[in-house]
Each structure stands twice: as structure tokens, then as C-alpha cells.
Amino acid sequence: MALDAGWLHTAAVPARAAFHAFAADVEKTLALLAAALRGTRVQLNEFPDLREDIRARAVRHRRSTYALVNVEADRIVNSLNTLREQVMERVRAKQRGVAGP
């Protein structure tokens with residue numbers, strides 16, 4: 001929602017190539033999480049490093065034009081990394097036979 005609100009007050013700029021790679025990694029992360037919840041064995045090393053995506057992109061693009069996108073992308077990474085930890089813990093608990101909430 002913050003991105004939508006921000007677009008009202010900024011000029012249109014083209015999406016960066018690095019953003020497309022980040023978006024693809026976000027989609028891969030969500031697909032792996034869904035697969036894990038559906039019972040597919042997913043290893044932690046299969047997940048892309050979203051934090052590294054952000055670091056690499058931020059170093060190359062420090063322009064204020066992309067400041068809001070950079071902040072929101074960082075929030076997305078925080079949320080997805082937390083979700084990954086929770087999903088993988090739930091999957092491990094289920095495999096051990098421990099009932100979850």
C-alpha cells in the first residue's frame with residue numbers, strides 16, 4: 001500500500017533490471033513456501049537470498065528516485081524471511097509428529 005501511495009507523488013520511472021530479478025526471487029520464495037506447506041520436501045538452500053538481492057541492488061542504485069521501492073523491498077524481504085522461518089519450523093514440527101497451532 002505504501003508503494004501505491006508513493007506513486008501518486010512521484011514521476012514514473014522505468015523498473016530496473018535488478019528489480020525484475022528480485023521480483024522473480026520473491027515469486028520463487030513464495031512458490032517454495034507453498035510447496036513446503038503442501039508436503040513437498042524443500043531444503044533451506046533452495047531459497048534465493050533475498051537480502052543479497054537487496055544489497056546488490058541498493059549498491060548499484062542509490063538514487064532517491066528509487067528510495068521508496070528500496071525501503072518497501074527491504075520490508076518485503078523481512079516479511080518473507082520471517083515467513084520462511086515460520087513455515088519451515090512448522091514443517092519440521094509436523095515431520096517430527098509435533099502438533100502445531
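See above for the structure.
Only a predicted model underlies this, so the values are computations on that prediction, with no experimental measurement involved.

### Observations concerning the overall build of the protein chain
Consideration 1: What the protein chain contains, in helices and strands, is four helices and zero strands.
Consideration 2: The secondary structure elements of the protein chain, listed N-terminal to C-terminal, are α-α-α-α.
Consideration 3: Split into buried and exposed, the 101 residues of the protein chain put 30% on the buried side.
Consideration 4: If you take every contact in the protein chain between residues at least 6 apart in sequence, the share linking residues at least 24 apart comes to 68%.
Consideration 5: Looking at the protein chain as shown, the accessible area adds up to about 7,100 Å², and 57% of this sits on carbon and sulfur atoms.

### Focus on the nonpolar core
Consideration 1: In terms of nonpolar packing, the biggest core is built from nine residues, these being Leu-32, Leu-33, Ala-35, Ala-36, Val-42, Phe-47, Val-87, Met-88 and Val-91.
Consideration 2: Of all the secondary structure elements, the ones that give two or more residues to this core are helix 2 (17-37) and helix 4 (67-96).
Consideration 3: A total of four residues in this core trace back to one element, the largest contributor, which is helix 2.
Consideration 4: Contacts of Val-87, omitting those with residues within four sequence positions, involve Leu-33, Ala-36 and Leu-37.
Consideration 5: Of all hydrophobic cores here, the second largest spans seven residues; its members include Phe-22, Val-26, Leu-50 and Val-77.

### Quick notes on helix 2
Consideration 1: Between its terminal C-alpha atoms helix 2 stretches 31 Å, which fits the 30 Å expected from 21 residues at 1.5 Å a residue.
Consideration 2: Every buried residue belonging to helix 2 is among Ala-18, Phe-22, Val-26, Thr-29, Leu-32, Leu-33, Ala-35 and Ala-36, and all of these are buried.

Rules of the game
Residues numbered from 1 in each chain as written. Predicted model: local features only at pLDDT ≥ 70, side-chain atom pairs only at ≥ 80, totals over all residues. Heavy atoms only, no water. Helix = DSSP H or I, 4+ residues; strand = E, 2+ residues; numbered from the N terminus. Buried < 20%, exposed > 50% of the residue type's maximum accessible area, 1.4 Å probe, protein only. Contact = heavy atoms within 4.5 Å. Areas by Shrake-Rupley, 256 points an atom, 1.4 Å probe, with all protein chains shown as cover. Core = buried A, V, L, I, M, F, W, Y, C linked by side-chain atoms within 4.5 Å. Expected span 1.5 Å × (residues − 1).

Without other data, these values stay purely geometric and don't point to any function.
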